[in-house]
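Overview (structure and organization)
Chain by chain, the residues:
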Amino acid sequence: MFDFFQEGNQYYDYPSFEVALYSLLLALVLSTALAYTYKLTYAGDHFSKNLFQAMILSSLVTSMIMMAVGNNLAVGFGIIGAVAIIRFRMNIQNPRNIIFIFGALSVGIATGVYGYAVAVAGTSIFCATAFLLNFSSYKAKASDMYEVECGLVETQKLTEIQALLENIGTHVELRDIRERAERPERYSFTVMLKEHVTIEDAFAALKIDGVDDLKISRRRVSEQL
């Protein structure tokens with residue numbers, strides 16, 4: 001019934017249906033293990049389900065591509081040209097996310113070229129290392145970097161605000177000063193809050209006389225560093 005799956009063509013031989021199915025199932029199992037490792041060692045506030053799915057699906061796609069190319073140079077160049085047409089605009093700024101995506105792609109490559117031992121051993125070592133790092137002093141932590149914006153009725157209040165920021169956090173930096181017509185100048189700071197300080201504590205500490213329109217928000221760019 002599935003004989004036509006196993007037949008080659010005039011250019012090169014495809015893997016048999018059983019081999020292709022086994023390779024894809026192995027890629028699915030290993031990439032799922034890798035994705036769950038990412039989830040269990042994730043330290044941020046908002047876990048991305050899209051990234052979780054992308055790890056698994058990208059491994060399957062990569063495995064299919066590798067089996068489709070085989071050792072045919074012409075097909076390889078054709079696939080490169082087809083992929084070049086697609087413009088991937090996803091901006092992954094977290095180095096850890098990039099490594100996990102690359103790990104999922106590597107699983108697909110290994111299973112696609114029938115390197116099953118490499119795929120299993122590599123995934124096992126990768127996941128074990130991720131867990132070990134998660135329990136070490138190098139554990140990834142959720143970012144406590146925030147952006148503080150406020151208007152100051154008097155310029156002299158700037159020194160007082162900076163002193164308050166240094167009491168509740170570290171790495172205080174004045175990022176921007178904006179002049180506003182008939183309104184107090186607006187100052188923008190970035191600060192990494194100390195471990196015991198919450199955003200509510202920071203808001204209460206900075207809400208003093210002379211401070212207008214106080215706003216505190218998580219600085220998303222810094223989360224990815």
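Numbers given to residues run from 1 along each chain, matching the order in which its sequence is written. Reporting in this predicted model follows two pLDDT cut-offs: at least 70 for local features of residues, and 80 or more for side-chain atom pairs to be given and counted; totals over whole chains, interfaces and linings ignore these cut-offs and use all residues. Values reported for side chains reflect all heavy atoms of the structure, with hydrogen atoms and water molecules removed beforehand.

Moving on, we come to the environment of Tyr36. Per the convention used, a helix needs a DSSP run of H or I reaching at least four residues, while a strand needs a run of E reaching at least two, with both numbered from the N terminus. Structurally, Tyr36 is set in helix α2 (residues 17-40). Between buried and exposed lies partly exposed: a residue is buried under 20% and exposed over 50% of the maximum accessible area for its type, with that area taken using a 1.4 Å probe on protein chains only. Its relative accessible area of 44% is what places Tyr36 among the partly exposed residues. A sequence separation of 91 residues divides Tyr36 from Cys127, and the C-alpha atoms of the two residues are 9.3 Å apart.

Here, nonpolar core refers to any group of buried Ala, Val, Leu, Ile, Met, Phe, Trp, Tyr and Cys residues whose side-chain atoms link them within 4.5 Å. Membership of the largest hydrophobic core comes to 18 residues, with the highest contact counts inside it found for Val148, Leu165, Phe189 and Leu206. With residues up to four places along the chain from it excluded, the contact list for Leu206 reads Val148, Ile161, Leu164, Leu165, Ile168, Val211, Leu214 and Ile216. The contact rule is simple, with two residues in contact once any of their heavy atoms fall within 4.5 Å.

Another point: unusual backbone geometry. Of note in the backbone geometry, Tyr114 takes a positive phi value of approximately 70° without being a glycine. By the element assignment, Tyr114 lies in the loop between α5 (95-112) and α6 (116-134). On the accessibility criterion, Tyr114 (36% relative accessible area) is partly exposed.

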